[in-house]
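A structural walkthrough
Below are the chains, spelled out letter by letter.
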Amino acid sequence: MEGAAFDRFVSTKKHTFYNFVGSAVSLGILLISVPWYLQLIGMERYGILSILWLLFGYFGFFDFGIGRAIAHKIAGLSADGDDKKIDVLWAGLFVNLFLAVIGAFFLYFALGYVLTYWVNMDSSLREEVRASVLWVSLSLIPSIGSSALHGVVLGRKKFLLLNTVDVAGKLLLQFLPLATAYFFSPDLESVTQAVFVARLLAFLFWVMASRKALHGSMLPRWKPDVASTLWKYGSWITLGMLLAPLLSGVERLVIGYLRDASFVALYAVPFSLVAPVALLSASLSNALFPRFAAEGKHDVQQLAMNAALAVAILVTPILVVVAFLVYPFTAIWIDAEFARNTVGVAQLLIVGFWANSLAKVFHTKLQGEGRPKVIVWVHLTELIPFLVVLYLMTSYWGILGAAAAWSIRSVADMLLLGNKSGAWVLPRGYILTGFGLVTTAAAASSILVFDVALFVVAGVFLFLTSLLWSWRLGLKGYVLSLMPRAWRK
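We now turn to the structure provided with this report.

1. Points about the overall build of the chain
If you tally the helices and strands in the chain, you get 16 helices and zero strands. The burial tally for the chain puts 55% of its 489 residues in the buried class. Once local pairs closer than 6 in sequence are excluded, the contacts in the chain between residues at least 24 apart make up 86%. Accessible surface, the chain: about 20,600 Å² in total, of which carbon and sulfur atoms supply 68%.

Written out as structure tokens, the structure is:
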């Protein structure tokens, strides 16, 4: 498929670019902060923090899909005045904050139980963990409130504003706790107190952003019919959110249960390092979501097929490069021993994140069309087999087994969602070729990692092959579409 294939969604290229830049900055924040965290608070505290954030993210389901429902509803009201959109904002925000308070209550007890009975840790850290649980639980309230306001900005397609606020919030979330650990105390209570303050400030940023995205009287109002509409759409999103952490994240709990918190860190760091690559797909998917919600069925189908191919074309050469750079980068970034212990995990996750990137497009199409129910049934189908395979593979092979189980599940998710969305039909052969290139790169880099000459030759060859494949299928057209008109000549 030539570069013209991208013309059908070229109007979203600027929005995708804003989203991608925001993701790239987020990756930079992560790369800078993780080694400092490991140095300041230690491996075991960092492992415990990763479990805290995992459970925190799981309780994000108390959003009950309202944030996404707000974005869907406001995108569908694009031709109407802002008064109706403001009705949606207040209905969603009131519901979200009410649910957030309930969620924080249950999160407090869930964290205490899991960290007491499920995670092995040094006894000296138990008191710190107990004190930190309150602050993590309270952080849920501004976080869920922010998701409602995020939905407003997304539905209005204000992607530059959305990413500016998002990056500002991530800066606060990473560096305010880090500064607290450096200047005051590295104990978990102090760090999580700083997280609560950062979440609160981020919520205020989203308040200002939503005010900028909408014009008109912002006086609080309550429209029960609007709240009911949001709830109906959000209910299936909620079920999906309940399943999501069980399908991506539960492996850290299994590692913590079968091993200990330090092994969780050995899994979490390479996961966090590779994960931002999938944000490229998320950037495009978020840019397309309002269009999936507003356009006709035929246009949505063509848009989704082109988007799936675009993601494969863009992500494949990037992940081939990551496969060959992850070991030397980690050795420099943290240290050589850490790199040796995590390189296999990173290579397995690279394959999974390639599939996950494609699955995001299919997932977003189904949500935008108002079919979140299909996503829930697909994830229910995956759940039990994944949990069984995860437990068995982690029991036998530790963190490598956990990474392999997660990647197998990601490939299954891509195939099932692609089939159900209908966007898998046209670009299937092209997509499988991209998958083969990434899998070959991950395997070759793992086998040749200690033979420098062959490692470099294989890396250069596979990168050039993937780049040529992407270029011929449309990468050239996409790159040109992002350039000023005068440069295209």
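2. Observations concerning the pattern of salt bridges
Within this structure, the stated rule accounts for three salt bridges. The closest approach of N and O atoms between Arg409 and Glu382, which form a salt bridge, is 3.2 Å. Each member of the pair, Arg409 as well as Glu382, carries the same accessibility label: buried. Residues joined by salt bridges that share partners form a network here, namely Glu382, Arg409 and Asp413.

3. Examining the packing of aromatic side chains
As enumerated under the stated definition, the model contains 18 aromatic pairs in all. When the ring of Trp90 is compared with that of Phe94, the centres are 5.4 Å apart and the planes differ by 35°; the resulting orientation is tilted. Taken together, the residues Trp90 and Phe94, both in helix 4 (residues 82-117) and four residues apart, mark about one turn of the helix. A relative accessible area of 14% means that Trp90 is categorised as buried. Overall, the relative accessible area of 35% leaves Phe94 in the partly exposed class. Relative to Phe109, the ring of Tyr108 lies with its centre 5.3 Å away and its plane at 90°, an arrangement referred to as edge-to-face. Aromatic rings pair up to connect Phe59, Phe62, Phe105, Phe106, Tyr108 and Phe109 into one cluster.

4. Quick word on the nonpolar core
As a rule of thumb, nonpolar side chains are buried together in soluble globular proteins. Counting 152 residues, the largest nonpolar core has Tyr267, Trp354 and Leu358 as the members making the most contacts within it. Per element, the largest residue contribution to this core is 20 residues, and it comes from helix 12 (residues 297-333). Excluding its chain neighbours within four sequence positions, the residues that come into contact with Tyr267 are Glu251, Arg252, Ile255, Val345, Leu349, Ile399, Ala402, Ala403 and Trp406.

What counts, and at which threshold
- Residue numbering note: each chain is counted from 1, following its sequence as written.
- Predicted model: local features are reported for residues with pLDDT of at least 70 only, side-chain atom pairs are reported and counted for 80 or more only, and whole-chain, interface and lining totals are derived from all residues.
- Heavy atoms throughout the structure, all of them, feed into the side-chain values; hydrogens and water do not.
- Helix numbering and strand numbering both begin at the N terminus, where a helix is a DSSP run of H or I of at least 4 residues and a strand a DSSP run of E of at least 2.
- Each residue's exposure class comes from its accessible area (1.4 Å probe, protein chains only) as a fraction of the maximum for that residue type: buried when under 20%, exposed when over 50%, partly exposed otherwise.
- Should any heavy atoms of two residues lie within 4.5 Å, those residues are considered in contact.
- Methods summary: accessible areas were calculated by the Shrake-Rupley approach with a probe of 1.4 Å, and residue burial reflects only the protein chains presented.
- Salt-bridge detection follows one rule: a side-chain nitrogen of Lys or Arg within 4 Å of a carboxyl oxygen of Asp or Glu.
- Two rings from Phe, Tyr or Trp (for Trp, the six-membered ring) form a pair when their centres are within 6.5 Å of each other. A pair whose planes differ by under 30 degrees is stacked, one over 60 is edge-to-face, and the rest are tilted.
- To define a nonpolar core, start from buried Ala, Val, Leu, Ile, Met, Phe, Trp, Tyr and Cys residues and group those joined through side-chain atoms within 4.5 Å.

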